[in-house]
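# A structural walkthrough
Residue-level listing of the chains:
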There are 2 protein chains.
Amino acid sequence: MTRYSTKKGKLLKRKNIQKDRGMDMNEQEKKEDRRVRRTKKLLTQALTQLLQTKQINEITVKELTELADMNRGTFYLYYKDVFDMLEKIEDGMFERLDQIISAHENEDMSVQTRPMLEDLFVFIEENQEMCRVLLSPHGDMNFLHRLNEVLRDKFLKAWHNQAFHQKETGKAETEFDYHYSFVVFGCAGLIRAWVSRACRESTKEMAQLADTMIRCGVLTQASV
Amino acid sequence: MTRYSTKKGKLLKRKNIQKDRGMDMNEQEKKEDRRVRRTKKLLTQALTQLLQTKQINEITVKELTELADMNRGTFYLYYKDVFDMLEKIEDGMFERLDQIISAHENEDMSVQTRPMLEDLFVFIEENQEMCRVLLSPHGDMNFLHRLNEVLRDKFLKAWHNQAFHQKETGKAETEFDYHYSFVVFGCAGLIRAWVSRACRESTKEMAQLADTMIRCGVLTQASV
DNA sequence: CAGAAAGTCAACATTGTGTTCTATATCATT
DNA sequence: AATGATATAGAACACAATGTTGACTTTCTG
């Protein structure tokens, strides 16, 4: 499910970290100490910078903290290693992503796709540096995977109904899964192309483009 | 372009490796020494096995060679580190991919998409273990990136002409790029879904599915 | 068979890791 | 502004993997 650790006796320590901080919503909301925010911000900036020139595996805690100009031990107060750090950064993005989607959810779980997409692309633009890195060659496949998982639950039902309303077919659930996978990865490709061009096109343009391509992909099943 | 190295004085050594072996087509064809093949095969098997339970960054040369039951020093005769090894394995796959595509290329650079796709999915099925790993959460974003690059050159022209034959539009090259990115990543998602289901559907079915979705995506531009 | 090439084995200095301790700086609060 | 609480700095530590080397043995090729 989540990531494994090579070192044996250190999972406990990590669990403690996750329990003490972060996991409790209330604690999250009560803003962290200013020093903590500063530290995490500096580390995130350093990581983002390093990820532009090298793979994450080649990034050591040592050089990361040196670039951020802080003590190496400080890093371990918040993260287990560099990969854990990236994962936690992603956690934050997925939290916001979830908020954005939920805001457009109706009570019957259906979603107003188009306006939601517009908000989504605004969010991506705001976080374009991180998105660019995560979808770059040096990026993180796990990010794509998690994106897949999150969106799946949200949209599968809505789209499923929508597509089957168009034309009743006897196609299996599995074929719908293929379309779904195609579309989600496709959107990732779309976003990747966009952020790698520094988000030159407007968010509205992109939302329209995405909307069109999603509908096409989803409705293909009914029209085959 | 390619990967960087943290360690300063070791690029030279690696260059030597790449020059001595691999890079020269003729040498590649003249089968390597049986021992070399055996060594590389054992290492590849061990890597594939390890990648199913852990991230590549957590795999050490030590455990890899222990699993393959060989001396650690032997590893360094062929690879710089574990990532370099994965990259070289990918090199081999891209070579074969190139052959498959080229075999379906007409003299005007156009491509018979459908039969090519069928061959492609056969190839993927043959290499499903590695594909599954490369597209998994533990996978390699650089693989996707390289796939993008390789296919881009091959297909952009063909599809471009095809789409503009359908309906003449004034849309810019950039928008076509977005469709292209969507489709290539989408195919990756499709393949990922397929191999993660142990390739249950037939290669022909998948080729048809892919063909449909590709055409839909490409032709969207003309029909917006 | 003989020479070449590949692999084994043991040893080495080097580097990053993860943790711990004390001391200092910064924070939130009254 | 003084307070106690908390975060960070700084240095030290044992430990593990790295990358390389040299002498040896095995395996391949012709």
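The rules we used
Residues numbered from 1 in each chain as written. Chains lettered and ligands numbered in written order. Predicted model: local features only at pLDDT ≥ 70, side-chain atom pairs only at ≥ 80, totals over all residues. Heavy atoms only, no water. Least-squares fit on C-alpha atoms with pLDDT ≥ 70 in both. Contact = heavy atoms within 4.5 Å. Near = heavy atom within 4 Å. Polar contact = N/O pair within 3.5 Å; in protein donor to acceptor, adjacent residues only side chain to side chain. Helix = DSSP H or I, 4+ residues; strand = E, 2+ residues; numbered from the N terminus. Buried area = accessible area lost by both parts, 1.4 Å probe. Salt bridge = Lys/Arg side-chain N within 4 Å of Asp/Glu carboxyl O. Nonpolar A, V, L, I, M, F, W, Y, C, P; charged D, E, K, R; others polar. pLDDT = per-residue confidence, 0-100.

### Side note on the relation of the copies chain A and chain B
Once turned by 179 degrees and shifted 0.2 Å along the axis, chain A lies on chain B with an RMSD of 0.2 Å. These values place the two chain copies in the arrangement generated by a two-fold rotation axis. Minimal C-alpha distance to the rotation axis in chain A is attained by A:G186, lying at 2.0 Å. Same-surface contact between copies: 98% of interface residues of chain A are shared with the interface of chain B.

### Structural notes on the protein's contact with DNA strand D
Taken together, 22 residues form the shell around DNA strand D, and within it A:R35, A:T39, A:N71, A:T74 and A:Y78 come nearest. Expressed as a percentage, the sugar and phosphate content of the atoms of DNA strand D within 4 Å of the protein is 73%. Between DNA strand D and B:R35 there is a distance of 2.8 Å, counted from a base oxygen to a side-chain nitrogen or oxygen. Contacts to DNA strand D include B:K62, whose backbone N or O atom sits 3.2 Å from a phosphate oxygen. Those elements that place two or more of their residues in the surface near DNA strand D are α3 (34-50) and α5 (72-75) of chain A together with α3 (34-51) and α4 (61-67) of chain B. For the surface near DNA strand D, the element with the most residues is α3(A), which contributes 3 residues.

### Structural notes on the interface of chain A and chain B
Contact residues are listed per partner, giving 50 residues for chain A and 49 residues for chain B. Where chain A abuts chain B, roughly 4,300 Å² becomes buried across the two surfaces, and 68% of that area is made up of carbon and sulfur atoms. In terms of surface lost to chain B, no three residues of chain A exceed A:M141, A:Y178 and A:F182, which account for 21% of the buried area on that side. Applying the counting rule to chain A against chain B returns 2 salt bridges. Summed over the shared surface of chain A and chain B, the number is 8 residue pairs in polar contact (both at pLDDT 80 or more). For the side of chain A that touches chain B, the element with the most residues is helix α10 (residues 173-196) of chain A, which contributes 17 residues. Of the residues contributing to the side of chain A that touches chain B, the split by class is 21 nonpolar, 19 polar and 10 charged.

### Regarding the confidence of the model for chain A
Residue and element names in this part refer to chain A. Mean pLDDT over chain A works out to 80, with 76% of the residues at or above the 70 mark. Note on residues 1-29: pLDDT under 50 across the span, and 26 contacts to partners over four residues away in sequence or across chains. Contacts for the low-pLDDT stretch residues 220-224, under 50 throughout, to residues beyond four places or in other chains number 15 contacts.

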